[in-house]
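# Structural overview for review
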Amino acid sequence: MTYCSFCLKPAAEVEKLISGAGVYICSGCVELCSEILAGQHEPSTSEMTLWESKSDEEILESIPRMTQVSAQADARIQAQVDLLRSRGVAWARIGAALGVTRQSAWEKFSAERAGS
């Protein structure tokens, strides 16, 4: 299942879900962003500190959705790495793009590594 990367709502609970580079945004969040950009909506302090106003249960309930959002981004990165490797791009270049060593990139994203 896919989730909005911003409000964490599942695709089934939103009108539309738009995919980006490893992230998704729902039509509701797009509308809010448009309002903010047009100056029709100013984020209030309560919106900026949304998580601080949530109960422990609400925060705990959000963790599985956040995990799914993270998994969505990880899957997109894996697909990009796989594409680069199919084009013969060296692990050193991939590691540099990720800000890690060649070895770390290989350990995390190598198909050979996943099979062992």
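Residues numbered from 1 in each chain as written. Predicted model: local features only at pLDDT ≥ 70, side-chain atom pairs only at ≥ 80, totals over all residues. Heavy atoms only, no water.

### Here we look at the overall build of the protein chain
Secondary structure assignment for the protein chain yields six helices and two strands. The order of helices and strands in the protein chain, counted from the N terminus, is β-β-α-α-α-α-α-α. Burial status across the protein chain gives 18% buried among its 116 residues. Long-range contacts, defined here as pairs at least 24 residues apart, represent 32% of the contacts in the protein chain between residues at least 6 apart. (Helix = DSSP H or I, 4+ residues; strand = E, 2+ residues; numbered from the N terminus. Buried < 20%, exposed > 50% of the residue type's maximum accessible area, 1.4 Å probe, protein only. Contact = heavy atoms within 4.5 Å.)

### Examining a nonpolar patch on the surface
A cluster of nonpolar side chains, Leu50, Trp51, Ile59, Leu60, Ile63 and Met66, forms an exposed patch at the surface whose accessible area comes to about 500 Å². Assessed through its relative accessible area of 35%, Trp51 is described here as partly exposed. (Patch = residues over 30% accessible without salt bridge, like charges linked within 9 Å, V, L, I, M, F, W, Y side chains within 5 Å. Areas by Shrake-Rupley, 256 points an atom, 1.4 Å probe, with all protein chains shown as cover. Salt bridge = Lys/Arg side-chain N within 4 Å of Asp/Glu carboxyl O.)

### Focus on the nonpolar core
Of all hydrophobic cores here, the largest spans six residues; its members are Val81, Val89, Trp91, Ile94, Ala105 and Phe109. Mapped by element, the contributors of at least two residues to this core are helix 4 (91–98) and helix 5 (102–109). Sequence-distant contacts of Trp91, defined by excluding residues within four places in its chain, comprise Val81, Arg85, Arg102, Ala105, Trp106, Phe109 and Ser110. Counting residues in hydrophobic clusters, the runner-up holds five residues, among them Cys4, Val14, Ile25 and Cys29. (Core = buried A, V, L, I, M, F, W, Y, C linked by side-chain atoms within 4.5 Å.)

### Description of helix 3 (residues 56–86)
The terminal C-alpha atoms of helix 3 lie 45 Å apart, and with 31 residues this matches the ideal 45 Å at 1.5 Å per residue to within 8%. Among all positions of helix 3, only Ser62, Val69, Gln72 and Val81 are buried. Where the residues of helix 3 are buried, they touch strand 2 (24–26), helix 4 and helix 5. Count one or two residues on from helix 3 and you reach Gly88, which has phi positive near 85°. (Expected span 1.5 Å × (residues − 1).)

### Considering unusual backbone geometry
Here Leu8, not a glycine, exhibits a phi torsion of approximately 70°, which is positive. Mapped onto the fold, Leu8 is located in the segment before strand 1 (17–19).

### Considerations on a negative patch on the surface
A cluster of acidic residues, Asp56, Glu57, Glu58 and Glu61, forms a negative patch on the protein surface. Mapped onto the fold, Glu61 is located in helix 3. (Lys, Arg positive; Asp, Glu negative; His and termini not counted. Charge placed at Lys NZ, Arg CZ, Asp CG, Glu CD.)

### Looking at the side chain of Ser5
Its place among the elements puts Ser5 in the segment before strand 1. The contact partners of Ser5, leaving out residues within four places of it in the chain, are Val23, Tyr24, Val69 and Gln72.

### With respect to the confidence of the model for the protein chain
A residue-level look at the protein chain finds 90% of positions with pLDDT of 70 or above and a mean pLDDT of 87. Helix 4 holds the highest mean pLDDT among the elements of the protein chain, 97, whereas helix 2 (residues 45–48) holds the lowest, 50. (pLDDT = per-residue confidence, 0-100.)

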